[in-house]
Amino acid sequence: MDCSDYTRLDYKTINEFFPKGQVSILAARPAMGKTMFASQIANQFCRHGENTLFFSLEFDYKDIINHFDPVGNGNVKCCIVDIPGITIEDIQLAIKKRYFNVIIIDYVGLMNSIRVIEGLERHDELREIWMSLDKIAKENDIRIIGVSQLPGIRIDGSENALPDDCMSYLDRKFLTKRIKVLHRESYYSGKSDKEDLEPFSIIEYVYDSSYTTTLRYI
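All of the points below concern the structure found in this document.

Before going further, it helps to spend a moment on the layout of surface pockets. Considering only enclosed or pocket space, the largest pocket measures out at about 260 Å³ in volume. With 3 residues, the single largest contributor to the lining of the largest pocket is helix H2 (residues 34–47). Of the residues assigned to the lining of the largest pocket, the class counts are 7 nonpolar, 4 polar and 5 charged.

Given below as structure tokens:
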């Protein structure tokens, strides 16, 4: 799969999926294609004139740049930062130095705690990080998209498994309309046909219902 797979991803769709003024959670199981998908979201925002900051906490710049479309919109480029273990303070400083419309963090589970609190469980730290990201997005009226890795539970839009089964440290009210789960059926069956590129689905959870939007390869 090369970086051209999503280069025509509908901007209207991602604009609706990842609104301004709140944090959005882009979640999927390991090796589902979260980083590639997030990079192509960044490409589309850049193409539509939005200054985008991409924090890569898992891969270095040389690895991540291969996923990016080199074609920008005039002088608008995506700023890629590959510093590991960033904190909320680093994000606030980046906004203060330069205005960004979109901030993407790949991924939030690798962020460091806002402050050191002895005895605080990691889940509680992550909850504080997510809540702080949401506050920053609201105060600055920007999009913040945090990539999150789900454990080995199947989430496919059915009622058998819901996002708060995986991210239990965030209550369902917070996850509602914020979490978008990437789904690809062949991931679970082990049958991935590269000749017939399977569509990706984005599952959005709203209260006790889920809505699925299919994005096809081009």
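With that out of the way, let us pick up the packing of aromatic side chains. Summed over all chains, the structure comprises 2 aromatic pairs. Taking the centre distance of 6.0 Å and the plane angle of 85° together, the rings of Tyr-11 and Phe-45 count as edge-to-face. Remark: Phe-45 occurs in helix H2 and Tyr-11 occurs in helix H1 (residues 11–17); sequence separation between them is 34 residues. For the residue pair Tyr-11 and Phe-45, the accessibility class agrees, reading buried in each case. Ring geometry for Phe-17 versus Phe-18: centroids 6.3 Å apart, planes at 50°, classification tilted. Of the two residues, Phe-17 and Phe-18, both sit in the buried class.

Of all the residues in helix H4 (residues 88–97), the buried ones are Ile-88, Ile-91, Ala-94 and Ile-95. Along the axis of H4, the buried residues cluster in a sector spanning 125°; they form a single face. Along H4, exposed side chains directed more than 90 degrees from the buried face belong to Lys-96 and Lys-97. Buried-residue contacts for H4 involve strand S2 (52–56), strand S4 (102–106) and helix H5 (122–140).

So, on to the packing of H4 against H5. Viewed as axis vectors pointing N to C, H4 and H5 meet at an angle of 15°, and their least axial separation amounts to 10 Å. Here H4 is positioned roughly parallel relative to H5, judged by the angle of their axes. Here H4 and H5 pass one another in a crossing that is right-handed. For the pair H4 and H5, contact is made by Ile-88, Ile-91, Gln-92 and Ile-95 and by Ile-129, Ser-132, Leu-133, Ile-136 and Asn-140, respectively. The residue inventory of the contact of H4 with H5, partitioned by class, reads 6 nonpolar, 3 polar and no charged.

Rules used throughout
- Residues numbered from 1 in each chain as written.
- Predicted model: local features only at pLDDT ≥ 70, side-chain atom pairs only at ≥ 80, totals over all residues.
- Heavy atoms only, no water.
- 1 Å grid on protein atoms, 1.4 Å probe; cavity = no way out; pocket = protein on both sides within 12 Å on 5 of 7 lines; lining within 4 Å.
- Points joined across faces, edges and corners; volume = space filled by probe spheres on them.
- Helix = DSSP H or I, 4+ residues; strand = E, 2+ residues; numbered from the N terminus.
- Nonpolar A, V, L, I, M, F, W, Y, C, P; charged D, E, K, R; others polar.
- Phe/Tyr/Trp six-rings, centres within 6.5 Å; stacked < 30°, edge-to-face > 60°.
- Buried < 20%, exposed > 50% of the residue type's maximum accessible area, 1.4 Å probe, protein only.
- Arc of directions from axis to C-beta.
- Contact = heavy atoms within 4.5 Å.
- Axes fitted to C-alpha atoms, helices over the stretch in contact; angles between N-to-C directions.
- Parallel < 35°, antiparallel > 145°, perpendicular 65-115°, else oblique.
- Left-handed = near helix turned anticlockwise from the far one by under 90°.

On their own, these measurements won't tell you what the molecule is for.
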